[in-house]
Amino acid sequence: MEIKEERSSDEAQQFLPSSQADSLGEPQFTSIRRIANEPKLEFSLACKDLVAATRDRKLNTFIQVSVVHPAEHILTRYSSTEIVEGTRDPLFLTGVTFPPEYPIYEETKIKLTVYDVKDKSQDTVRTSVLPDHKEPRADVGRSFLGCTTFRVGDLVKSKEQQLTLTLRTSDGGKTVGTIEVNLVKMGELEDGETDHITTDTQDQKCALVRECTATEGISDKDNLPSLNAVLKNPICKLYRFPTSDNKWMRIREQMAETTLSFHVPKELINLHIKEDMRRNQELKDLGELAPHWDNMRKSVIAHCDQMLSMYQDTLAELGKHTGSSFKSSCSKGEKTLEFIPINLHLQRMHVHSPRLKDALYDVITVGAPAAHFQGFKNGGLRKLLSKFEAERRNTGYQCIYYSPENTAKAKEVLSNINHLQPLISSHADLLLNSASQHSPDSLKNSLKMLSEKTELFVHAFKDQLVRSALLALYTARPGCVLKKPAVPRNSAEEGSDLQHQDHPSQIKRQDSIPHHSEYDEEEWDRVWANVGKSLNCVIAMVDRLLEKDSISSIKEGENDPSAADCKVLRTDGDWYEQLYPLVITLKDCMGEVVTRAKQSMAFVLLQELACGLPQCLMLTLRRDIVFSQALAGLVCGFIIKLHTGLHDQGFLQQLHTVGLLVQYEGLLSTYSEEAGMLEDMAVGISDLQKVMFKVIEAKSEDFLPVITGRREHYVIEVQLPAKMFELLPQEIKEGKLLRMYPVLFNVGINEQQTLAERFGDTTLQENINQENLELLKEYYKLFTEKMPPDCLPHFQEQNDLKGLLENLHQNIQAKKRKNVEIMWLAATICRKLNGVRFTCCKSAKDRTSMSVTLEQCSILRDEHQLHKDFFIRALDCMRRQTQGALNESDDPETGCLTDNKPTSRHFYPVALLLVSSHLLVVWLILSLALLLAKYQ
């Protein structure tokens with residue numbers, strides 16, 4: 001039988017060529033019955049009484065699985081198990097699974113081939129290079145033991161759902177042992193003791209594994225449509241491990257990509273483009289300026305147009321993107337993908353214990369949010385922003401300095417104007433419409449909405465910044481040119497009020513700074529106060545009309561009901577005519593306020609941009625890039641947490657009363673480029689504090705979130721199906737905004753961190769951990785004040801949260817090298833506070849996978865009574881790569897995955913991360929000596 005293809009199950013989306021796939025749909029084949037979204041077939045394997053070439057040899061065996069389709073006598077390699085050492089009765093950890101889309105039928109034959117590996121350290125067990133027919137050459141490092149074949153229908157229809165097959169040599173003569181094939185079905189848990197799988201070696205006392213592609217949550221299948229909108233290409237594995245009381249617990253581990261990796265950045269870039277276009281127009285609408293300021297404006301607009309063009313090009317390129325829904329680590333330096341997070345995935349562990357309640361543990365894994373394309377030669381955002389702010393304070397005479405707080409306030413005022421002005425105008429029109437219809441109830445409601453929005457509008461301008469900016473703008477007009485454009489800086493409370501120099505009062509020249517007699521500061525107070533006065537006139541008129549209508553209706557109704565009807569007809573147009581001039585006056589007053597306020601705030605933004613061109617725009621771009629990556633992960637984490645907590649009333653109450661804790665575990669070093677990444681990451685995560693979430697009912701089948709707002713103030717609208725939306729508390733259903741509390745704790749654990757601790761500086765990491773500890777304490781204080789104590793999760797109740805926080809504080813203060821206890825304490829506190837967990841390293845591969853798998857096994861040990869003798873075995877199971885090994889070009893540290901497979905991130909073993917510092921120093925000295933000898 002010839003070998004047509006050499007492929008592994010990692011290529012699960014391209015199982016067979018199209019010509020072969022087309023022939024599989026013929027009706028003569030019997031389909032396998034299955035549940036929707038469940039694998040078509042899954043089974044586990046074990047061997048017994050294997051015969052070795054020599055009596056005293058201990059076998060190291062694995063099984064290769066191949067598929068023979070009934071329509072074509074072609075053998076296709078599918079997968080292989082791991083190597084089990086030192087036994088003739090191996091119980092394999094790895095199961096075999098066929099996803100829902102795989103063309104497998106009852107007539108399909110499966111061939112199982114057993115090999116003995118002579119030297120495991122030299123054998124990679126790659127299914128893509130493993131011969132499947134004849135016994136391999138001796139120099140390959142493994143030898144053929146035997147093979148057998150069975151029909152899928154025989155396994156599915158067997159009474160015991162188990163087959164015991166005889167292994168024979170390649171010529172079919174000699175018997176070399178047996179293989180047990182056990183059908184595995186989802187949801188069926190064995191209740192027996194663990195002793196029935198014990199073999200003759202301690203190493204064989206371990207768990208069976210199976211893999212699946214299901215995405216459903218812990219119970220509610222209504223979650224599937226909305227979850228499938230954000231999760232893609234899930235890969236699941238199921239283990240069973242023994243507990244300390246010799247019972248089985250079953251663990252489902254799932255990893256999935258998310259469509260939000262590209263959806264959120266594209267939404268954000270689109271908002272950036274609209275915001276920047278609006279800002280450019282506001283700068284153009286500043287009116288006539290003196291030559292100095294006008295040239296400054298032209299320069300700023302030119303630079304802004306270039307940046308706007310770059311955003312538009314990036315959005316266009318992302319729109320053309322096809323392929324995987326995540327960005328692999330080898331693409332982190334690509335300019336067109338710099339807004340996309342690296343390797344964003346959901347890692348979920350679902351634990352079913354015999355005596356404990358089912359539990360879900362979710363971790364979002366993602367590469368550290370950082371501007372990799374721009375590089376880290378000059379550091380990251382934390383350092384760059386501090387340096388830029390210091391330089392901007394010393395810009396001298398070129399422009400006016402406004403503090404970052406005042407600049408943010410200016411953006412907020414402009415945002416309020418753009419939001420409230422159209423609302424007030426529409427409510428005023430509704431008021432007139434109600435008046436024309438002579439509808440008292442509608443008139444009252446319209447007046448109420450108009451009053452609320454107008455009061456918010458007036459309150460937005462009660463700020464010293466607006467007053468001082470108007471004065472600064474007045475001095476920038478052609479009729480009032482300053483002798484020296486320098487404007488000394490005042491206190492933060494006074495914003496950027498101009499400090500007046502002493503000039504002779506009798507001299508009034510164009511280049512003198514205007515005195516208060518020349519510029520009436522009270523004029524602005526009168527302008528915006530006129531809005532309130534106009535509103536009061538409207539309110540008084542409406543009250544008068546309603547009162548008059550009520551009295552006349554009662555009188556006319558008592559005397560002659562028909563006369564009352566006539567009265568209504570006669571006054572039908574009176575209400576509109578009496579209210580119309582007052583409403584127009586209100587709109588005119590509001591328009592004058594808007595014009596002045598927009599110009600003054602645009603002038604403030606002009607100063608911010610002009611003081612730091614082009615660094616200011618480049619920093620904005622860098623911050624946008626980092627924030628985009630961080631926000632994509634946050635939206636994914638929030639949606640997953642919301643779905644899993646829909647039936648937890650305590651969590652939902654906490655969500656709208658306190659907010660959601662989001663804890664990031666950073667594994668970056670503070671050495672070289674990773675220090676810059678950490679600086680970027682710290683700023684990006686801090687910026688997430690300005691993000692609010694809102695849950696709405698979906699009106700269509702599109703469940704992807706919608707993003708609105710502007711820089712420093714975004715609202716994420718998460719859509720839920722009607723059935724799920726009804727489960728929410730009334731406060732959330734009414735649109736209450738939900739706050740986020742992101743915290744970051746970082747502990748470098750690789751060899752670069754050893755260099756930083758020995759010869760560098762770890763102050764950055766210490767400062768970040770200390771700052772975020774204070775934020776975590778603030779959240780805990782808020783939680784204890786607003787939430788009842790019974791809302792805490794019920795597992796690990798023996799650990800007091802306050803004690804954990806104190807322990808975390810002590811560990812941070814200790815400044816111990818590579819203190820991973822900080823990570824464990826922060827993660828435990830996060831889980832106990834119903835938070836969302838993130839784990840990040842440079843590319844979300846090696847360090848992230850090691851951390852996640854260690855955390856999962858630690859949870860099984862501490863919370864679910866995993867047998868102490870099985871901790872290392874369980875860890876090995878979760879860290880192994882199940883479907884073949886990495887290719888040589890797939891070096892997780894230096895290379896990139898050739899097929900961008902998500903399976904390679906969490907399911908393969910790597911070298912120990914914590915390198916001995918003493919050995920490292922010796923290695924550095926030897927390396928330096930070799931380099932010197934080489935170049936001498």
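Residues numbered from 1 in each chain as written. Predicted model: local features only at pLDDT ≥ 70, side-chain atom pairs only at ≥ 80, totals over all residues. Heavy atoms only, no water.

A. The side chain of Asn 746, seen in detail. Tracing the sequence through the fold places Asn 746 in strand β20 (residues 738–746). Judged by its relative accessible area of 0%, Asn 746 falls in the buried class. Within the structure, Asn 746 has its side chain in polar contact with the backbone oxygen of Leu 668 (distance 2.8 Å). Setting aside anything within four residues of it in sequence, one finds Asn 746 in contact with Gly 666, Leu 667, Leu 668, Leu 678, Gln 765, Asn 769 and Met 823. (Helix = DSSP H or I, 4+ residues; strand = E, 2+ residues; numbered from the N terminus. Buried < 20%, exposed > 50% of the residue type's maximum accessible area, 1.4 Å probe, protein only. Polar contact = N/O pair within 3.5 Å; in protein donor to acceptor, adjacent residues only side chain to side chain. Contact = heavy atoms within 4.5 Å.)

B. Inspection of the pattern of salt bridges at higher detail. Taken as a whole, this structure holds 27 salt bridges when the rule is applied. One connected set of salt bridges, linked through shared partners, spans Glu 275, Asp 276, Arg 279, Asp 624 and Arg 711. (Salt bridge = Lys/Arg side-chain N within 4 Å of Asp/Glu carboxyl O.)

C. Region of interest: the side chain of Ser 600. Tracing the sequence through the fold places Ser 600 in helix α12 (residues 574–610). On the basis of relative accessible area, Ser 600 is assigned to the buried category, the value being 0%. A polar side-chain atom of Ser 600 sits 2.9 Å from the main-chain carbonyl oxygen of Ala 597.

D. Main features of the nonpolar core. Phe 457, Trp 524, Leu 579, Met 601 and Phe 603 are the most contacted members of the largest nonpolar core, which has 85 residues in total. At 17 residues, α12 tops the list of elements feeding residues into this core. (Core = buried A, V, L, I, M, F, W, Y, C linked by side-chain atoms within 4.5 Å.)

E. The state of the cysteines, seen in detail. With the rule as written, the count across this model stands at one disulfide. The disulfide that involves Cys 399 links it to Cys 611, with 1.9 Å between the sulfurs. Disulfide Cys 399-Cys 611: torsion about the S-S bond near 130°, hence right-handed. Note that Cys 399 is positioned in the loop between α6 (381–393) and α7 (404–436) and Cys 611 in the loop between α12 and α13 (615–644), a separation of 212 residues in sequence. Here Cys 399 falls in the buried class, since its relative accessible area comes to 1%. (Disulfide = S-S within 2.5 Å.)

F. Expanded view of the packing of α7 against helix α8 (residues 440–459). Remark: α7 packs on α8, axes separated minimally by 9 Å, with the N-to-C direction vectors making an angle of 160°. Classified by the angle their axes make, α7 and α8 are roughly antiparallel. When you trace α7 past α8, the crossing you get is left-handed. Here α7 contributes Leu 420, Leu 423, Ile 424, His 427, Ala 428, Leu 430, Leu 431, Ser 434 and Ala 435 to the contact with α8, which in turn contributes Ser 442, Leu 443, Ser 446, Leu 447, Met 449, Leu 450, Lys 453, Thr 454, Leu 456 and Phe 457. (Axes fitted to C-alpha atoms, helices over the stretch in contact; angles between N-to-C directions. Parallel < 35°, antiparallel > 145°, perpendicular 65-115°, else oblique. Left-handed = near helix turned anticlockwise from the far one by under 90°.)

G. Broad picture of unusual backbone geometry. Cis geometry marks the peptide bond from Leu 613 to Pro 614; its omega dihedral reads -5°. Along the chain, Pro 614 falls in the loop between α12 and α13.

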